[in-house]
Amino acid sequence: MVAKPSFRDRAFVVRTYDFGEADRVVVLLTRNHGLVRSVAKGVRKSKSRFGSRIQPFVDLNVQLYPGRNLATITQADTVAYFGAGIIEDFDRYAAACAVMETAEKLSYTDLPNAFLYDATCTALSQMQGDSHPTLVLDSFILRATQYSGWGLSLFDCAECAAAGPHKAFSAQAGGAVCTSCRPPGSLSVDPEVLHTMWLIRNGRAASAEHVEAVHRATVAHLLWHVESAVRALKVMEQA
C-alpha cells in the first residue's frame, strides 16, 4: 500500500480528548480537507514544542501526516489568536464554543469546505468586537446551514409561497409560514424577528431587540437538521 503524502492546511481545533499518557486526539476543521481526526503526540508534556497552540479559537497552519485511523500533527504554527475578548467573557465564550461545535456537525471528513472554515474565522473575529455574541452565532448558523442546502424562507411562506410578512416560524416547514399552512408546534413570531434573521444571514447590521426570539428560531432550525444536541447551546440556555 502506497503511503499518503503529508499535507499542510489551515485549521481550527473543534474538539479534543486525552489519549494515552501524553498524547491528545484533536479534531480539526480544515479549509481544504474537511474534518480531520488527528493525534498530537506528547502534547500534554510541559516541554511540548507546540502544545500551547493546539487549542480552541486559534487559527492554525498545521502539517499533518495521514495514518490509518488518525493523522499525526507534525507541526502547528499560529496564524491568528481569537481567544482575547472571548475567553474572559462567559457569553462570548459559550457562543464561540457553539460556533465550533456547529461547524463540526456541518462538516464532513475529507470533503473540503472553505466556506465553513472562512465563516468560522469571521464569526470568531466578530466575537472579539462589540457585536452581540448571540447574533454572531445565529448569523453563522443561518449562513452555514444555507450553504449546506438548508436555507430558510424568511418572508414568503415556506409551504405555499404566499407573500409575507408572516407571524409564524416552522423549522420543519423551512421558515416563515402563513396562517393556512402553519403546522402544529410552529413558533409565533413578530415579523421583525424574521426580518432580523434575514439581515444577519446576509451579513447586514441588525438590532439586538429581538435577539431571544431570533435565537430560539435559529436553534430550532439547526437542531431539526442536524438531528442531535449541541451541548454548547444547552450551556447558553442555562446562563
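Residue positions are counted from 1 within each chain, in the order its sequence is given. With pLDDT at 70 or above as the cut-off, local features in this predicted model cover only qualifying residues; side-chain atom pairs require 80 or more to be listed or tallied, and sums for whole chains, interfaces and linings still use all residues. Values reported for side chains reflect all heavy atoms of the structure, with hydrogen atoms and water molecules removed beforehand.

Moving on, we come to the confidence of the model for the chain. Scored by pLDDT, the chain comes out at a mean of 91, with 96% of its residues at no less than 70. The predictor's confidence in any single residue is recorded as pLDDT, a number from 0 to 100. Counting from the N terminus, the helices are DSSP H or I runs at least four residues long and the strands are E runs at least two residues long. The least confident element of the chain, judged by mean pLDDT, is helix 6 (residues 231-238) at 85; the most confident is strand 7 (residues 175-176) at 98.

Here helix 3 (residues 133-147) spans 21 Å end to end across 15 residues, near enough to the 21 Å set by a 1.5 Å rise per residue. Each residue gets one of three labels from its accessible area relative to the maximum for its type: buried under 20%, exposed over 50%, partly exposed in between, using a 1.4 Å probe on protein chains only. For helix 3, the buried fraction is high: 12 of the 15 residues fall into the buried class. Along helix 3, the residues that are buried comprise Pro133, Thr134, Leu135, Val136, Leu137, Asp138, Ser139, Phe140, Ile141, Leu142, Ala144 and Thr145. Against the buried residues of helix 3 lie helix 1 (90-106), helix 2 (114-127), helix 4 (191-201), helix 5 (211-226) and helix 6. Looking one or two residues beyond helix 3, the residue adopting positive phi is Gly149, at roughly 100°. Multiplying 1.5 Å by the residue count of a helix minus one yields the expected span of that helix. Contacts are residue-level and defined by heavy atoms, with any inter-residue pair within 4.5 Å sufficient.

Attention shifts here to the state of the cysteines. Each disulfide is one covalent bond, formed between the sulfur atoms of two cysteines. Pairs of cysteine sulfur atoms within 2.5 Å are what we label disulfides. Throughout the structure, instances matching the rule amount to 0 disulfides. Cysteine Cys121 remains unbridged, with the sulfur of Cys97 as its closest cysteine sulfur at 17 Å. No disulfide involves Cys181; its sulfur sits 3.6 Å from that of Cys178, the nearest cysteine. By relative accessible area, Cys181 is classed as partly exposed at 24%.

This paragraph deals with the pairing of strand 4 (residues 58-65). Among the 8 residues that make up strand 4, 6 are buried, leaving the element largely enclosed by the rest of the structure. Should DSSP find at least two bridges between two strands, the strands are taken to pair. Pairing analysis gives 5 bridges linking strand 1 (residues 7-19) to strand 4, with the strands arranged antiparallel. Residue pairing across strands places Ala11 opposite Leu60, the latter belonging to strand 4. Both strand 4 and strand 5 (residues 71-81) contribute to a ladder of 8 bridges, which runs antiparallel.

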